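# Working through the structure, step by step
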Amino acid sequence: MDKLNNHPYGELLASYSAGSLPLSQALCISAHLEHCDSCARKLQRLNRVGTELMQQLTPSKASDDLKNRLLDRLDSLEDETPKHESARVDPSIPRCLRQFVDSSYDDLRWKWVSADIRSVELCRDSNGARVELLKIKPGGSAKTHTHLGDEYTVILEGSFSDEAGLYRKGDFIVRDRHDQHTPVATRDRECICLAVTEGPIQFTGPISRLLNPFLRRGYA
Ligand SMILES: [Zn+2]
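Model, not experiment: these values are computed from the prediction. (Residues numbered from 1 in each chain as written. Predicted model: local features only at pLDDT ≥ 70, side-chain atom pairs only at ≥ 80, totals over all residues. Heavy atoms only, no water.)

## Points about the pattern of salt bridges
- Throughout the structure, instances matching the rule amount to six salt bridges.
- Look at the salt bridges and you will find they share partners, linking Glu121, Arg124 and Arg130 into a network. (Salt bridge = Lys/Arg side-chain N within 4 Å of Asp/Glu carboxyl O.)

## Topic: the packing of helix H1 (residues 10–18) against helix H3 (residues 37–56)
- Two numbers describe how H1 lies on H3: the axes approach to 9 Å, and their chain directions differ by 55°. Relative to H3, the element H1 lies oblique. Here H1 and H3 pass one another in a crossing that is right-handed. Contacts from Leu13, Ala14, Tyr16 and Ser17 in H1 reach Cys39, Lys42, Leu43, Leu46 and Asn47 in H3.
- For the contact of H1 with H3, the residue count by class is six nonpolar, two polar and one charged. (Axes fitted to C-alpha atoms, helices over the stretch in contact; angles between N-to-C directions. Helix = DSSP H or I, 4+ residues; strand = E, 2+ residues; numbered from the N terminus. Parallel < 35°, antiparallel > 145°, perpendicular 65-115°, else oblique. Left-handed = near helix turned anticlockwise from the far one by under 90°. Contact = heavy atoms within 4.5 Å. Nonpolar A, V, L, I, M, F, W, Y, C, P; charged D, E, K, R; others polar.)

## With respect to the coordination of the zinc ion
- Coordination of the zinc ion by the protein comes from His7 (ND1), His32 (NE2), Cys36 (SG) and Cys39 (SG), over a distance range of 2.0 to 2.3 Å.
- What the four donor atoms of the zinc ion show is an angle range of 99 to 115° at the metal, which sorts the shape as tetrahedral. (Donors = N, O, S within 2.8 Å, 3.2 Å for Na, K, Ca; no water. Tetrahedral: all angles 85-135°; square planar, octahedral: opposite > 155°, others 65-115°.)

## Digging into the sheet that holds strand S8 (residues 172–175)
- Across the sheet, which stays open at both edges, the six strands sit in the order S1-S2-S3-S10-S5-S8 with antiparallel pairing between neighbours. Pairing within the sheet leaves two strands with one partner each, and these edge strands are strand S1 (111–112) and S8.
- Pairing analysis gives six bridges linking strand S5 (residues 151–157) to strand S10 (residues 191–197), with the strands arranged antiparallel. Bridge pairing in S10 places Val154 opposite Leu194.
- Of the strands in this sheet, strand S3 (130–136), S5, S8 and S10 touch helix H2 (residues 23–33), which is tilted by about 35° from S5. (Pairing = 2+ DSSP bridges.)

## Observations concerning a positive patch on the surface
- A cluster of basic residues, Lys3, Arg41, Lys42, Arg45 and Arg48, forms a positive patch at the surface.
- By relative accessible area, which is 73% here, Lys3 ends up exposed. (Patch = residues over 30% accessible without salt bridge, like charges linked within 9 Å, V, L, I, M, F, W, Y side chains within 5 Å. Areas by Shrake-Rupley, 256 points an atom, 1.4 Å probe, with all protein chains shown as cover. Lys, Arg positive; Asp, Glu negative; His and termini not counted. Charge placed at Lys NZ, Arg CZ, Asp CG, Glu CD. Buried < 20%, exposed > 50% of the residue type's maximum accessible area, 1.4 Å probe, protein only.)

## Thoughts on the side chain of Glu157
- By the secondary structure assignment, Glu157 is in strand S5.
- For Glu157, the side chain forms a polar contact with the side chain of Ser92, separated by 3.5 Å.
- When residues no more than four places from it in sequence are discounted, the contact partners of Glu157 are Ser92, Tyr105, Lys169, Arg189, Glu190, Cys191 and Ile192. (Polar contact = N/O pair within 3.5 Å; in protein donor to acceptor, adjacent residues only side chain to side chain.)

## Looking at the pairing of S3
- In terms of burial, S3 is a largely internal element, six of the seven residues being buried.
- As paired strands, strand S2 (residues 117–124) and S3 are joined by seven bridges and run antiparallel to one another. Its bridge partner lying in S3, Glu121 is registered against Glu132.
- Here S2 folds back onto S3 in antiparallel fashion, the turn holding five residues, of which Gly128 has a positive phi close to 95°.

## Details of the nonpolar core
- Of all hydrophobic cores here, the largest spans 34 residues; its most connected members are Leu97, Tyr105, Leu133, Leu156 and Leu194.
- Of all elements in the fold, only H1, H2, H3, S2, S3, S5 and S10 reach the threshold of two or more residues within this core.
- The element contributing the most residues to this core is H2, with six residues.
- The contacts of Tyr105, once residues within four sequence positions are left out, are Ile93, Pro94, Trp110, Leu133, Leu156, Glu157 and Ile192. (Core = buried A, V, L, I, M, F, W, Y, C linked by side-chain atoms within 4.5 Å.)

Next comes the structure, spelled out in structure tokens:
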């Protein structure tokens, strides 16, 4: 694996280890971990610390009601059959995303966003965050925009740059409402990203900002 320059910050990785992240953010961390030995090692250490802390806790007696609710929950989990993962799925697709893809990114129902960009929504998190894949054509631009919530991006194929630098396959990028940026895909190939947005992006260009009312639709 190539060494990456952009990783989830420590608090985010610790929350992932503790299982307390929203599903949408956990998907981004999982996708990054498949490309990053350094974060995978950090996660192993965090998991060990978490296990040791749990072992030091003094157990308290659970009530009958709590025990019954736990047993009911375990029964219902056994009934939840995981969605079948196709045997033909492209091995370059991160394991955590294969439940959304039949065989390759080409089979997805990509929707037109702009001349340079296509998108496909994978799911919605219970916190309202949208989980989607974005495809930017070689040399294409996502136009200058800000955000009305945090935006998490993991590059799955290709690369793009913005005012802060160049991002490659596996890089994990967080932008918040204070950041304005203009992602542009490199010219050698198309760029595919996993993107989680907790609020709509807002274009700032004189023409592209006319799209902003449409982008706000669908968010809580
Ligand atoms: Zn990393």
